[in-house]
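Topology and contacts: notes
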Amino acid sequence: MAHPEPALTPQTESKPLRVLFARIGSMTFYAGPQPGDERPKGGGRYNKNNVGHELFNFADFGGRLYGFARAKSGRISLEQIETSAASESTLTDVLVVFVAQQKIIGWYHNAVVHRTSATFASGVATSMRKRLKQAHTSNFRFVGYSFEAPTEQAVLLPEAERTYKIPGTVKHGFGQSNVRYPYQKRGKGKPPAWMMNAISYVQNYDKENLLTNPNAANQSEQAAVISQERGAGFQSNAVIRKAIEEFAMSKARSVLTAKGYRKFQDTSKFKPYDYICQRDSKRFFVEVKGTQTSGKTLILTKGEVDHIRHSPSQCILVLVHGVSVSGTQTIRVGGGLVQIKELWNPDEGDLIPISYSWRVS
């Protein structure tokens, strides 16, 4: 659905977190070289001819993650995260947000950040070397790690969820460096608005995590809907799906406003529902589905179903079906019939499992 930046939470307004944004190359799992996910792409000049150390940023080693970003001069400026840390060699309780292709791909909560690269424990280094050897990976040079955090306090987004954009080489944007701090040198300035909104997004995110569900990449709602629409004979791809979703979101808000709902908040980017709104001082959760099909069957994620089960008297479905799509270079969408189901709580017998994930032992 459409993804404006989320509103600030009270926590981020009153007390900005210790935070650091790190630009890295693009991968799917960041768990060592794997078929189809052999090395980071992009993320700086180093990765053109070498294998970037972010290759292992989300690889679990005994319940701990060891992350890397290629900082200027090989040093993390801790005083630009916490102004009183000028004499410190490490800084704890830091939110490290990783960015690839100018989009958030994951983060560490409660991370330890090292001013200069720390040396891997022998067991971790040995495991890395083994994985590199098995994959016949060359041009990887051990340089240590910059960040560490408990695996259970980290999130790696499925690729379908990597949509939150971070401004690049614009005024007060991320800039050209691979590390972006909340403060300028000597504690000057303040965190820009985009950074505070990104922190809010991270704090509010409540969708799939590749670290806890390795199959999340194969269970994407978007992929399932594209397959469904193609099976029904419609042209469908990620660009078309985005256009349909944005169209349906706009239409849903319009029809619900006409029914007396107010105070809409778009939560589609970080929650398993698309809007929060109010009517008669009661809060409601809105799920919006847009489709080119007749809308006789809908794809629901596990997270969506779980949420409905917890809040059956507060859920609303807005279905926009029969959406027309035209154009090739510029996608145009229109039409569509709207159905609204208030107090939406699908009967268990109407939920049909369409796939299973089997863990190979």
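Throughout what follows, the structure given in this document is the object of discussion.

**Side note on the overall build of the protein**
Check the secondary structure of the protein and you find seven helices and twelve strands. For the protein, the spread of C-alpha atoms along the three principal axes comes to 60 × 45 × 40 Å. Counting every position in the protein, which comprises 361 residues, the buried fraction comes to 46%. Counting only contacts in the protein whose residues sit at least 6 apart along the sequence, the fraction spanning at least 24 positions is 69%. Surface accessibility of the protein: about 18700 Å² in total, with carbon and sulfur atoms responsible for 48%. On the protein, the mean spot of the 47 positive side-chain charges and the mean spot of the 30 negative ones are 8 Å from each other.

**What to know about the pairing of strand β10 (residues 282-290)**
Extensive coverage of β10 is indicated by the burial of seven of its nine residues. Alignment of strand β9 (residues 275-279) against β10, held across five bridges, turns out to be antiparallel. Counted as the bridge partner of R279 is K282 from β10. Where β9 folds back on β10, the antiparallel hairpin that results is connected by two residues, among which D280 adopts a positive phi of roughly 55°.

**Observations regarding the packing of aromatic side chains**
Applying the stated rule across the entire model yields 22 aromatic pairs. Where F120 meets Y145, the ring centres are 5.1 Å apart and the plane angle is 45°; that geometry is what we call tilted. With a gap of 25 residues between them, F120 in the loop between β4 (103-118) and α3 (122-134) and Y145 in strand β5 (residues 145-150) connect regions that are remote in the sequence. On the basis of relative accessibility, which here comes to 10%, the residue F120 falls in the buried class. Here F140 and F142 contribute two aromatic rings whose centre-to-centre distance is 5.3 Å and whose plane-to-plane angle is 85°, an arrangement assigned as edge-to-face. A relative accessible area of 13% places F140 in the buried class. A relative accessible area of 27% means that F142 is categorised as partly exposed. Grouped by ring-pair contacts, the aromatic residues F56, F61, Y66, F120, F140, F142 and Y145 constitute a single cluster. Cation over ring: R23 sits above F174, and NZ or CZ is 4.3 Å from the ring centre. It is R70 that lies over the ring of Y46; its NZ or CZ is 3.6 Å from the centre.

**With respect to the sheet that holds strand β8 (residues 262-266)**
Taken together, five strands build an open sheet; the order of strands is β8-β9-β10-β11-β12 and the sheet is mixed. Taken across any chain shown, the strands that pair with only one partner, and hence form the sheet edges, are β8 and β12 (332-341). Across the sheet, the mean angle separating the axes of adjacent strands is 25° when strand polarity is ignored. Across six bridges, the pairing between β10 and strand β11 (residues 315-326) is parallel. Residue pairing for β11: G290 is matched across the bridge by V320.

**Examining the pattern of salt bridges**
Scanning all chains against the criterion turns up 13 salt bridges. Among the ionic pairs, E82 bridges to R18, the shortest N-O distance being 3.1 Å. One end of the pair, E82, is in the loop between β2 (64-67) and β3 (90-100); the other, R18, is in the loop between α1 (10-14) and β1 (19-23), with 64 residues separating them in the sequence. Relative accessible area serves as the criterion here: at 23%, E82 is assigned to the partly exposed category. The class of R18 is partly exposed, set by a relative accessible area of 26%. Residues participating in the shared-partner salt-bridge network are E229, R241 and E245.

**Considering α3**
Taking 1.5 Å per residue as the helical rise, α3 with its 13 residues ought to reach 18 Å, and the 18 Å between its terminal C-alpha atoms agrees with that figure. Listed as buried for α3 are V124, A125, M128 and L132. In an axial view of α3, the angular spread of the buried residues amounts to 95°, which keeps them on one side of the axis. Opposite the buried face of α3, at more than 90 degrees from it, the exposed residues are S122, G123, K130, K133 and Q134. The inward-facing, buried residues of α3 abut β2. Positive phi appears at H136, one or two residues downstream of α3, with a value of about 55°.

Cut-offs used in this document
- Residues numbered from 1 in each chain as written.
- Predicted model: local features only at pLDDT ≥ 70, side-chain atom pairs only at ≥ 80, totals over all residues.
- Heavy atoms only, no water.
- Helix = DSSP H or I, 4+ residues; strand = E, 2+ residues; numbered from the N terminus.
- Buried < 20%, exposed > 50% of the residue type's maximum accessible area, 1.4 Å probe, protein only.
- Contact = heavy atoms within 4.5 Å.
- Areas by Shrake-Rupley, 256 points an atom, 1.4 Å probe, with all protein chains shown as cover.
- Lys, Arg positive; Asp, Glu negative; His and termini not counted.
- Charge placed at Lys NZ, Arg CZ, Asp CG, Glu CD.
- Pairing = 2+ DSSP bridges.
- Phe/Tyr/Trp six-rings, centres within 6.5 Å; stacked < 30°, edge-to-face > 60°.
- Lys NZ or Arg CZ within 6 Å of the ring centre and 35° of its normal.
- Axes fitted to C-alpha atoms, helices over the stretch in contact; angles between N-to-C directions.
- Salt bridge = Lys/Arg side-chain N within 4 Å of Asp/Glu carboxyl O.
- Expected span 1.5 Å × (residues − 1).
- Arc of directions from axis to C-beta.

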